[in-house]
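Architecture at a glance
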Amino acid sequence: MRRTKRKLRTAVIAVASAALMAATVALAPGAGAVTPMRATAQYDCGTLGWTTAEFTAAQNGTEATITVTLTSITAPVTIPPYTITTTLVLYDTSSGEPTTFTGTLSNPPLLAGDPLNTGPLEGTVEPGDSLDTIGGVHALRFVMFGITSYCQAVTPLSPGPLVF
C-alpha cells in the first residue's frame, strides 16, 4: 500500500508539474526567435564611403530590436551616449513592404575611432516576417552632430534574410 501511495503521489506531482509548465508557456509573452541573430550587408554611404554593416537582431513577440554597427565609419571625436538618431528600413522579401526600425538618441558612448554603433533600433514585426536590406534608396539614415547621412544597401543580408 505504501508503494502504491508513493507511485500515486509521484504521478500526481508529474501531472501537476506538466500542467503548470504548459500554463506558463501558454501565458508567456510571444517571445519569438529571430534567425539569424547576426548578419552583415554592404552599404554605400555616399561621401562617407562603403562600409560593412553588422546587424544584431532580437525579438520578443511583435517587438524587435536591431543594432547596426558600421565597421568602416568611425566616430571622428568622442560621441556621448544618446546623441545619434537612426532610422533603418528593411523590406519584406515577399511583398517588398517596408518595416522601419528607429532609434531616437539610442547610441552607446563612442570614443574617437570607434565604429559607428546605432544602439538598439526598435520596430514592430509580425510572426513569419522575412526582412532584408535591398529595396530602398535611403534605407539607413543617421543624424550625428546635426548632419544627416544616408546609406543604401548594395548587398542582401548574409546570412539572411532576418526571419521573425
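The structure this text deals with has already been given above.
Residues numbered from 1 in each chain as written. Predicted model: local features only at pLDDT ≥ 70, side-chain atom pairs only at ≥ 80, totals over all residues. Heavy atoms only, no water.

**A word on the overall build of the protein chain**
Regarding its fold elements, the protein chain presents 1 helix and 10 strands. Residue burial in the protein chain is summarised as follows: out of 164 residues, 34% are buried. Restricting the contact set of the protein chain to residue pairs at least 6 apart, pairs at least 24 apart contribute 61%. Summing over all exposed atoms, the protein chain offers an accessible surface of approximately 9,400 Å²; the carbon and sulfur share of this is 61%. (Helix = DSSP H or I, 4+ residues; strand = E, 2+ residues; numbered from the N terminus. Buried < 20%, exposed > 50% of the residue type's maximum accessible area, 1.4 Å probe, protein only. Contact = heavy atoms within 4.5 Å. Areas by Shrake-Rupley, 256 points an atom, 1.4 Å probe, with all protein chains shown as cover.)

**A word on unusual backbone geometry**
In this model, T35 is joined to P36 through a cis peptide bond whose omega is -10 degrees. Looking at the secondary structure, you find P36 in the loop between helix 1 (2-27) and strand 1 (38-44). Along the chain, G160 connects to P161 via a cis peptide bond; the corresponding omega equals 0 degrees. Its location among the elements puts P161 in the loop between strand 9 (147-153) and strand 10 (162-163). Of note, the phi angle at Y82 is positive, near 65 degrees, even though the residue is not glycine. Relative to the assigned elements, Y82 resides in the loop between strand 3 (63-74) and strand 4 (85-92). One non-glycine residue with positive phi stands out, namely F145, at about 55 degrees. Looking at where F145 falls in the secondary structure, it is placed in the loop between strand 8 (140-144) and strand 9.

**Comments concerning the packing of aromatic side chains**
Tallied over the entire structure, the rule returns 1 aromatic pair. The interplanar angle of 35 degrees and the centroid separation of 6.3 Å between the aromatic rings of Y43 and F55 together place this pair among those described as tilted. With a gap of 12 residues between them, Y43 in strand 1 and F55 in strand 2 (residues 50-60) connect regions that are remote in the sequence. For the pair Y43 and F55, one class covers both residues: buried. (Phe/Tyr/Trp six-rings, centres within 6.5 Å; stacked < 30°, edge-to-face > 60°.)

**Section: the state of the cysteines**
Following the criterion strictly, the structure yields 1 disulfide and no others. What pairs with C45 in a disulfide is C151, and their sulfur atoms sit 2.0 Å apart. Torsion about the S-S bond of the C45 and C151 cystine: about 110 degrees, corresponding to right-handed handedness. Within this pair, whereas C45 is found in the loop between strand 1 and strand 2, its partner C151 is found in strand 9, the two being separated by 106 residues in sequence. Comparing C45 with C151 shows no difference in burial state: the two are buried. (Disulfide = S-S within 2.5 Å.)

**Structural notes on the nonpolar core**
In this structure, Y43, F55, I66, L88 and F101 are the most contacted members of the largest nonpolar core, which totals 32 residues. For this core, the elements supplying multiple residues, two or more each, are strand 1, strand 2, strand 3, strand 4, strand 6 (115-124), strand 8 and strand 9. Here this core gets 5 residues from one element, more than from any other, and that element is strand 3. Here F55 is in contact with M37, R38, A39, T40, A41, Y43, I66, T67, V68, L88, T133 and L157, once residues within four sequence places are set aside. (Core = buried A, V, L, I, M, F, W, Y, C linked by side-chain atoms within 4.5 Å.)

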